[in-house]
Amino acid sequence: MRKISFLMAFLITGYILGIWNFLVLPKYYITFGLKGFLISLVPILIAMFLIYSEAESTKKTRYLIYELFFKIARTPALMFTLLMFLMIMLGITTYYSAYSLVFIAGVGSKYIPAFVVGTILLAVVLLMLAKGKTLEFISVVSILFVLFAISAAFLIRGQAVSSVTSSQAVQYMENAVSSITSFDLPLTAKGVLYLVVSTFISLGLGAGVYYVIGSFTPEELDLRKVLAGVVVLQIILSFAAAFTVAYSLGAAYEGFQKAYQNPNIPAEESMKLFMKFNDLKDYATNSEKSPMDSIEVFYSIPEILKGNVPNDTSLIALLMLSLYLAGLTTIIVLIEMGSQILSEVMQFGRGQSLGFVALVGMVIAGAMIIADIRTMFVVVPFAVGALVAAVEAYPLLSSELAHNKAMIAGIILLLIATGLVTLYYSLTAPSTAVKIGALLGIVLFVPTFMNGMLLKSRR
C-alpha cells in the first residue's frame, strides 16, 4: 500500500503539475508575493476538496464515471461537456509541450506540428506498451520532471548570481526575487481573479479525470495523504518556476545592455532583446495583464539565457525538458482518461478510443500554430474553466453520495460566479479571437440540452 500510495501521489502530481505551473502561476507569485501565495491556497484547498470528493465517490460506489453520471446524477449529457473540455486541454497542453522541444532541438517554430504529432504518438505508444504498468511509468516520468524542474531553478539561480554584473540588471533581478517573498505588494481585483482561475485550471478540474482515478483506486488507499503530498509538490514547483523567471530577468537586461553597447550587433537585434526583456518585466510586474497575453513569455527565457550565462545550452535543455516532461505526464493521463471515458460513453474498444482522443488532440494542437486559432483555444479554459468545474462537481450533490452537500453547493456557486465573471471579461474583450474562444467555451455546454433525450434513449 505504501508503494501504491507513492505511485498514486506521483500519478496525480504528473497530471496536476503541468504547463500552467510554468507558464502562468509564476506571474502571480512575483506580482503579488506571499499575499498571492496565500490567496492561491484558497482555490487549492477548494480544488483538493472537490478532487477528494470526486475520487471517493467512484472509489466507494465502484461505479465507472458514466454509470455515476447516468445512474446517480441522471445527467449523462454532462459527460460530453467534460470530454470536449478534456480534448481541448489535451490540444493546448500538447502544443505548448511541443513548443519547448523547439529550443531543445535548436530549430524554428515551423517544426512545432511535427513535434505535436511525435508527442501524441509517443504518449499513445507508451500507453499501449505499458498496459498494466501505466501507473508506474507515469510516476517515474513525474519524478524525473520534479527533479529536473528543481535542478533547473537552482542552476539558473547560480549562473545568474555569478554572471550578472550590471548594477541595473542586478537591481531588476533582486527586485523580482525579493517580490516573491514580500508581503508589501498591492493586490488588484482583476489580478486576483486571474490568479484564482489560473490556479483552478492548473489543478486539472473540469475534465472528469478524478472520477476515473477513483474508479481504480484501492479501497485501502488514503487519498487525503496522497493529496497532501501533491499540494506540497505543487507549492514547491510553483515557487521554483517563479524564481526561474525572476533570476532570468537580470540576465535579460544584461543581455540587452551588452548588445546595445556593442557596435557590431545590429540595432534590430538589440531591439529584439529589449522587447524580450520588456515582456519579461511586464510579466513580473503587471498583475492585471491577461494570462492569455503572457502565457508565452516563459519561452523567451531560453533566448535570454543563450549567450548571456555560462553553460547556457545545458541550462536551456534542462529547463525546456522539465517543461516538456510536465506536459507529457499530463498528456498521457488525459489520453488515458479520455479513452476510458469515451469507451464508456460510446462503447468503443481501447484501440479505437485511444486513437480518437489522440487524433482530436493532435488536430487541435496542430491548428494552434496559427496565432488567432491558438488564442481562441487558450481562451476556453480561462473563460469557462470554472463553469466546467462546477458542472463536473454537480453529481456530488446527489443524495446517494455521502459528502458535505452544503459545502459542495457553496463551492459550485463560487465556481459559477467566478466563471460568469471571467466569461464576461472574455466576451467583452477587444480581440475577436478572444470573443470567439469564449463562444467556443459556451458551445461546450450545448450537450446539457440533450440530457432528457439521452436518458430516454438509454432506457
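Our subject is the structure listed above.
Residues numbered from 1 in each chain as written. Predicted model: local features only at pLDDT ≥ 70, side-chain atom pairs only at ≥ 80, totals over all residues. Heavy atoms only, no water.

Visitor: I tried to follow the overall build of the chain on my own but got confused; where do I start?
Guide: Helix and strand content of the chain: 21 helices and zero strands. In terms of overall dimensions, the chain is globule-like: its C-alpha atoms have a radius of gyration of 22 Å, near the 23 Å expected for 459 residues. Taking the principal axes of its C-alpha atoms as reference, the chain extends roughly 80 × 45 × 45 Å. Expressed as a percentage of the 459 residues in the chain, the buried residues total 59%. Long-range contacts, defined here as pairs at least 24 residues apart, represent 84% of the contacts in the chain between residues at least 6 apart. Surface summary for the chain: the accessible area is close to 18100 Å², and the carbon and sulfur share equals 65%. Counting 29 positive and 24 negative side-chain charges, the chain places the centres of these two groups 6 Å from one another. (Helix = DSSP H or I, 4+ residues; strand = E, 2+ residues; numbered from the N terminus. Rg over C-alpha atoms; globule rule 2.2 N^0.38 Å. Buried < 20%, exposed > 50% of the residue type's maximum accessible area, 1.4 Å probe, protein only. Contact = heavy atoms within 4.5 Å. Areas by Shrake-Rupley, 256 points an atom, 1.4 Å probe, with all protein chains shown as cover. Lys, Arg positive; Asp, Glu negative; His and termini not counted. Charge placed at Lys NZ, Arg CZ, Asp CG, Glu CD.)

Visitor: Sorry if this is basic, but what is going on with the packing of aromatic side chains here?
Guide: To describe a pair of aromatic rings, one takes the distance between the centres and the angle between the planes. According to the stated counting rule, one finds 19 aromatic pairs in the structure shown. With 5.4 Å between their ring centres and 80° between their planes, Phe-69 and Tyr-211 make a pair best called edge-to-face. In this pair, Phe-69 sits in helix H5 (residues 65-72) while Tyr-211 sits in helix H11 (residues 209-215), placing the two residues 142 residues apart along the sequence. Aromatic side chains Tyr-99 and Tyr-299 sit 4.2 Å apart centroid to centroid with 20° between the ring planes, which places their arrangement in the stacked category. Linking Tyr-99 in helix H6 (residues 77-105) with Tyr-299 in the loop between helix H14 (291-294) and helix H15 (301-305), this pair joins segments that are 200 residues apart in sequence. (Phe/Tyr/Trp six-rings, centres within 6.5 Å; stacked < 30°, edge-to-face > 60°.)

Visitor: Before we go on, may I ask you to explain the pattern of salt bridges in this structure?
Guide: Where side chains of opposite charge bring their charged atoms close, a pairing between them can arise. Counted according to the given criterion, the structure contains seven salt bridges. Between Asp-282 and Lys-289 there is a salt bridge whose closest N-O contact spans 3.0 Å. Taking relative accessible area as the criterion, Lys-289 reaches 22% and is therefore assigned partly exposed. A salt bridge links Glu-336 to Arg-350; its shortest N-O distance comes to 3.1 Å. One end of the pair, Glu-336, is in helix H16 (residues 312-346); the other, Arg-350, is in helix H17 (residues 350-367), with 14 residues separating them in the sequence. (Salt bridge = Lys/Arg side-chain N within 4 Å of Asp/Glu carboxyl O.)

Visitor: Even after reading the chapter, I still don't get the packing of H5 against H6, so can you show me in this structure?
Guide: Any two packed helices are characterised by how steeply their axes cross, that is the angle between the axes, and by the distance between the axes. Running from N to C, H5 and H6 point in directions that differ by 145°, and their axes come no closer than 9 Å. Residues Ile-65, Tyr-66 and Phe-69 of H5 lie in contact with H6, whose contacting residues are Leu-78, Met-79 and Leu-82. (Axes fitted to C-alpha atoms, helices over the stretch in contact; angles between N-to-C directions.)

Visitor: I tried to follow the nonpolar core on my own but got confused; where do I start?
Guide: Nonpolar side chains in soluble globular proteins generally cluster together in the buried interior. In this structure, Ile-16, Leu-23 and Tyr-96 are the most contacted members of the largest nonpolar core, which totals 175 residues. The leading source of residues in this core is helix H12 (residues 223-261), at 20 residues. When near neighbours in sequence (up to four residues on either side) are disregarded, Ile-16 contacts Asn-21, Met-48, Ile-51, Ser-202, Leu-203, Tyr-210, Val-230 and Gln-234. (Core = buried A, V, L, I, M, F, W, Y, C linked by side-chain atoms within 4.5 Å.)

Visitor: Just checking my understanding: could you explain helix H18 (residues 371-393) for this structure?
Guide: Helical periodicity: at 3.6 residues per turn, an α-helix aligns residues three or four positions apart in one direction. Here H18 contains 23 residues, and its C-alpha end-to-end distance of 33 Å stays within 8% of the 33 Å for a straight helix at 1.5 Å per residue. Along H18, the helix axis deviates most sharply at Val-384, where the bend reaches about 60°. Among the 23 residues of H18, 19 are classified as buried, and the element is accordingly described as predominantly covered. (Expected span 1.5 Å × (residues − 1). Bend = angle between axes of the 7 residues up to and from the residue.)

Visitor: Is there a simple way to think about unusual backbone geometry in this case?
Guide: Working note: non-glycine residues mostly have negative phi, and peptide bonds are mostly trans. Positioned with a positive phi, Arg-74 is a non-glycine residue whose angle comes to about 60°. Considering the arrangement of structural elements, one finds Arg-74 in the loop between H5 and H6.

Visitor: Looking at this structure, how should I read the layout of surface pockets?
Guide: One simple way to see leftover space: roll a probe sized like a water molecule over the atoms. Considered as a void within the structure, the largest pocket measures approximately 500 Å³ in volume. Taken together, 26 residues line the largest pocket, and the ones lying closest to its centre are Ser-290, Met-292, Asp-293, Ala-429 and Val-434. Elements that contribute at least two residues to the lining of the largest pocket include exactly helix H10 (189-202), H14, H18 and helix H19 (405-427). If you tally residues by element for the lining of the largest pocket, the top one is H18, at six residues. For the lining of the largest pocket, the per-class residue count stands at 14 nonpolar, seven polar and five charged. Counted as a void, the second largest pocket has a volume near 370 Å³. Forming the boundary of the second largest pocket are 15 residues, of which Val-102, Phe-103, Gly-106, Glu-303 and Lys-306 lie nearest the centre. Sorting the residues of the lining of the second largest pocket by element identifies H6, H15 and H16 as the ones contributing at least two each. (1 Å grid on protein atoms, 1.4 Å probe; cavity = no way out; pocket = protein on both sides within 12 Å on 5 of 7 lines; lining within 4 Å. Points joined across faces, edges and corners; volume = space filled by probe spheres on them. Nonpolar A, V, L, I, M, F, W, Y, C, P; charged D, E, K, R; others polar.)

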